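Understanding the architecture of this molecule
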Amino acid sequence: MGSRRKRVNYAKWGYIFILPFFISFFIFSFIPLADTIRYSFYEYYRSGIKEIGPNFIGIANYIDLLKSDMLKYAGNTFILWMIGFVPQIVIALLLASWFVDARLKIHGQQFFKVVIYLPNLIMASAFAMLFFTMFSTNGPINSILSSLGWIKKPIDFLGSVFGTRSLVGLMNFLMWFGNTTIMLMAAIMGISPDIFEASEIDGCGRVQRFFYITLPLIRPILAYTLITSIIGGLQMFDVPQILTNGQGTPDRTSTTLIMFLNNHLKSKNYGMAGALSVYLFIVSGILCFITYRITNNDDADGSKAAAKKAKKEGRK
Amino acid sequence: MKKKLLSMALVSAMLVGALSGCGSDDAKKGGGSSGSGGGDTTAEEGKVINIYSWNDEFFKRVNAVYDQVDEVSKDGTVTKLKDGTEIHWIINPNQDGVYQDKLDAALLNQADASDDDKVDIFLAETDYVFKYTDAEADVALPLTDIGINPETDLADQYDFTKVIASDANGVQRASTWQCCPGLLVYRRDIAKDVFGTDDPVKVGEKVKDWDTMKKTAEELKEKGYLALASYADTFRLYGNSISAPWVTQGETVIKVDQKIMDWVADSKEWKDAGYFDDTVKGQWNDDWNKAMGSKSKVFSFFFPAWGIDFTLKPNWDGDDGMWAVTNPPQEYNWGGSYVLACRGTDNPQHVKDIIMAVTGSKDNLLQISKDYLDYTNTVSGMKEAAADSKTYASEFLGGQNTFEYFAPVAEKIQMAPLSAYDQGCVELIQNAFSDYFQGKVDFDKAKANFETAIKERYPDITEVQWPE
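Residues numbered from 1 in each chain as written. Chains lettered and ligands numbered in written order. Predicted model: local features only at pLDDT ≥ 70, side-chain atom pairs only at ≥ 80, totals over all residues.

**A closer look at the overall build of chain B**
Just so we agree on the cut-off: In this text, helices come from DSSP runs of H or I with a minimum length of four residues, and strands from runs of E with a minimum of two, each type numbered from the N-terminal end. We compute the radius of gyration from the C-alpha atoms alone; for a globule the expected value is 2.2 Å times N to the 0.38, where N is the number of residues. By the criterion used throughout, residues are in contact when their C-beta atoms, derived from the backbone, lie within 7 Å.
Helices and strands together make up the secondary structure of chain B, namely 19 helices and 14 strands. Taking 2.2 N^0.38 as the reference for a compact globule, 468 residues should give roughly 23 Å; the C-alpha atoms of chain B span a radius of gyration of 25 Å, in line with that estimate. For chain B, the spread of C-alpha atoms along the principal axes amounts to about 90 × 50 × 45 Å. Of all intrachain contacts in chain B linking residues separated by at least 6 positions in sequence, the fraction that spans at least 24 positions is 73%.

In structure tokens form, the structure reads like this:
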């Protein structure tokens, strides 16, 4: 009897050893999460040093947020993300397909891989600080341009909507294209070389090969990249925050959702900030669900779905 | 079984490791030392005085003038007094509200903290001192409660510093060693080039009020110079002489003062006329700092004593003696660090002594003026300093005695009572109208942006009223 029990007991060590993670997750992630949701239904902030609330006020915070400029900031966030993401995915696809192309035989591949990944290692805030200094009206970029004789008056990059948004986009692009390239390279390398060979024997050109073979076959990873980038984009904060000194200038056109959230946290307005977080949570949750469906679907070419459909039709 | 115990021990060790991260951190912040002489909590004074501040300003001044100081630890975190009591310095930077966050957390925890962890003294700047002197919040002790009678003990202080240090009922709850009247600081070489003289009296004549200064700005512009760096430079002159507080006690309505609207109108006019440096947007940024360099075309800045020392001097890359001070077009006060005694302190006697030593003793204050160039909070002492050009000559300003110019300004300063919303109002109104000055938004949009921003910052604000 004893020996039998002992054998069964082996499994529990596994649980015991993963227990610390679950306990710390519960304390440091789950409880705050539950609290955030709970407080979003309360009026709870600080006025000076005095604490107001928590008073239960139902969904008033949610309604107030919808009445505020939240959707405008969501729009800002989306625009800033797009400016960074479009060039990022294009360049990453191009680089990835070049790097894995057996025929191109690029020398020093490893070196380039490291270099394009490097910007990702810099802290976003330090990166933004650097750009802020470089592109300030008396900064080095303006002095270079004027000493080259290209401009007469310094360009006020951060004073215009176009300038600020482009800079934020540029920074996000620089920081993330290396990461995306490496991910896509892995995806392309996962495609069986047989397919490429077969296509070449059939007389497939390089462009055709890219559009008809590479792209369709890396679709799941591409979708994954897209969704994770959207979720990352939703949480865009440090780059525009530092670049515009937390003001989202000019005229709040570079205020992102999280900067808006941060404005509420200045007065420790946990209620309003909580409600905003819940909105973001729901949107991210939906996006996660979509990613999950896409990545867990091993039916990349759609054959299973087709078979299912056929079966269904057959039943009718 | 042994293995089981061992692994249980390992697991718990991991857990403790994971959890202790936050705990030990808090203990450090509280500056808690339960070590030597800890348990002694009789009716006597506590053994540890905790002082919260955002830089080493107060630290240096206490160590310099408080006669009970025995020695300062090498890392600058502990000052030992002669009777064995220790002052623990808890310093958090002001940037991004870090200091106030940490201080607020400590104050909210004050009632539960052990005696040695209680905050005894903390500092606050003019912009947010009211948050703490507020009678309703009641975190700072009225000075009378610790045995200081402001009317007799602090009779020599400037009246406006007492206004700043008082709650809405006029009860003084803070005291300062520093008084921050501001002056106009100008470049001598530019003055010579444009006016033919760099004499402070003659230049002062040219900037004696806003209308005259505008004409002077035009003169400077014709010669290719700029009167001031940016619209933010003039803000304190208008913003600190408002007639009523931003928010009346007990109300939740922000009343924008006419003075602020004057600042908006004048700044727009000056900006469009080209009297400001177009590349400088606001203060405390790289462009602003560069405007103080020798290559800049900017003629003048508005600064109190600390500004000349901490801001202008490090940014100036030319020789000493190229700058001079003169009277500003309008008297103003800018900044000031206030010392507050915290409710719940276990060292009332020491707290009183320290506050008196640093803010209420004329000799000590004159000493501070000599050593640190502060314009200190003693009316009679500053009069002496103004007359004593030998001791107080500033090398950086070409041998000028700045006290001579500060003293008349300090006497004329009128401060409106403060409100707990000042810091946000001052910051956000400048941000909102910055876009307007640069032509990014129209006037009404700038107003709307201010309303949005202020309601975000202070959720209890219900309305913003603009002057007619």
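**Let's talk about the packing of helix α10 (residues 231-239) of chain B against helix α11 (residues 258-273) of chain B**
Residues and elements named next belong to chain B. Filter applied, for reference: Each axis is a line fitted through C-alpha atoms, taken for helices only over the stretch in contact, and angles between the N-to-C directions span 0 to 180 degrees. Comment on the angle field: the value is read as roughly parallel under 35 degrees, roughly antiparallel over 145, roughly perpendicular from 65 to 115, and oblique elsewhere. Two helices that cross are described as forming a left-handed crossing if the nearer one is turned anticlockwise from the farther one by less than a right angle, and a right-handed crossing if clockwise.
The N-to-C vectors of α10 and α11 enclose an angle of 155°; their axes lie 9 Å apart at closest approach. Considered as vectors, α10 and α11 are oriented roughly antiparallel to each other. The way α10 lies across α11 gives a crossing that is right-handed. Of α11, the residues touching α10 (which contributes Tyr231, Thr234, Phe235, Tyr238 and Gly239) are Lys259, Ile260, Asp262, Trp263, Ser267 and Lys271.

**Side note on the nonpolar core**
We count it as follows: We call a set of buried Ala, Val, Leu, Ile, Met, Phe, Trp, Tyr and Cys residues a nonpolar core when their C-beta atoms link them within 7 Å. Partly exposed residues are those whose C-beta has more than 12 but fewer than 20 other C-beta atoms within 10 Å; 20 or more makes a residue buried and 12 or fewer makes it exposed, with C-beta atoms placed from the backbone. Boundaries of every domain are those given by an automatic assignment or by a domain database.
Within the largest apolar cluster, 129 residues are counted, with the highest numbers of intra-cluster contacts made by B:Ile121, B:Phe122, B:Val129 and B:Leu340. Both domain 1 (45-179 + 336-387) and domain 2 (183-333 + 415-465) of chain B contribute no fewer than three residues apiece to this core. For B:Val129, the contacting residues outside a window of four places in its chain are B:Ala124, B:Ile164, B:Ala165, B:Ala174, B:Tyr338 and B:Leu418. With 48 residues, the next largest nonpolar core counts A:Tyr39, A:Trp81, A:Leu95 and A:Leu257 among its residues.

**Some words on the packing of helix α2 (residues 57-65) of chain B against helix α14 (residues 348-359) of chain B**
Each pair of packed helices gets described by two things: the angle between the helix axes and the distance between those axes. Residue and element names in this part refer to chain B. Remark: α2 packs on α14, axes separated minimally by 10 Å, with the N-to-C direction vectors making an angle of 90°. For the element pair α2 / α14, the angle class is roughly perpendicular. Residue-level contacts link Arg61, Val62 and Val65 of α2 to Ile354, Ala357 and Val358 of α14.

**Description of the sheet that holds strand β3 (residues 78-81) of chain B**
All names here are of chain B. The cut-off we apply is this: Strands are treated as partners if at least two bridges between them are detected by DSSP.
Across the sheet, 7 strands lie side by side as β2-β3-β4-β1-β5-β11-β6; this open sheet has mixed pairing. Two strands lie at the open edges of the sheet, namely β2 (69-72) and β6 (174-175), each paired on one side alone. Bridge count between β3 and strand β4 (residues 86-91): 3 bridges; the pairing is antiparallel. Residue pairing across strands places Val78 opposite His88, the latter belonging to β4. Most of the contacts of α14 go to strand β11 (residues 337-341), to which it runs at about 160°, and overall it touches β1 (48-53), β5 (119-125), β6 and β11.

**Some details on the domain arrangement of chain B**
All names here are of chain B. Inclusion rule: Put simply, Ala, Val, Leu, Ile, Met, Phe, Trp, Tyr, Cys and Pro go in the nonpolar bin, Asp, Glu, Lys and Arg in the charged bin, and everything else, Gly too, in the polar bin.
In terms of domain boundaries, chain B breaks down into domain 1 (45-179 + 336-387) and domain 2 (183-333 + 415-465). Here domain 1 and domain 2 have C-alpha centroids that lie 29 Å from each other. Counting from both sides, the interface comprises 14 residues of domain 1 and, opposite them, 12 residues of domain 2. Counting residues per element, the ones that place at least two in the side of domain 1 that touches domain 2 are α4 (129-133) and α6 (159-164). Each residue belonging to the side of domain 1 that touches domain 2 can be placed in one class, and the counts come to 9 nonpolar, 1 polar and 4 charged.

**Notes on the pairing of strand β7 (residues 182-187) of chain B**
Residues and elements named next belong to chain B. Among the 6 residues that make up β7, 6 are buried, leaving the element largely enclosed by the rest of the structure. Side chains Gly182, Leu184 and Tyr186 project from β7 onto one buried face, and the interleaved Leu183, Val185 and Arg187 project onto a second face that is buried too. Taken together, the 5 bridges between β7 and strand β9 (residues 300-304) define a ladder with antiparallel strand orientation. Its bridge partner lying in β9, Tyr186 is registered against Ser300. With 4 bridges joining them, β7 and strand β10 (residues 323-326) adopt antiparallel strand pairing. Looking at β10, one finds that Tyr186 is bridged to Ala324.

**Side note on the environment of B:Asp422**
All names here are of chain B. Within the element layout of this structure, Asp422 appears in helix α18 (residues 422-437). Residue classification places Asp422 among the buried residues on the basis of 22 C-beta atoms within 10 Å. In this structure, the C-alpha to C-alpha distance between Asp422 and Val247, residues 175 residues apart in sequence, is 8.3 Å. Discounting residues that sit within four places of it in the chain, Asp422 has contacts with Asp127, Tyr128, Phe130 and Trp246.

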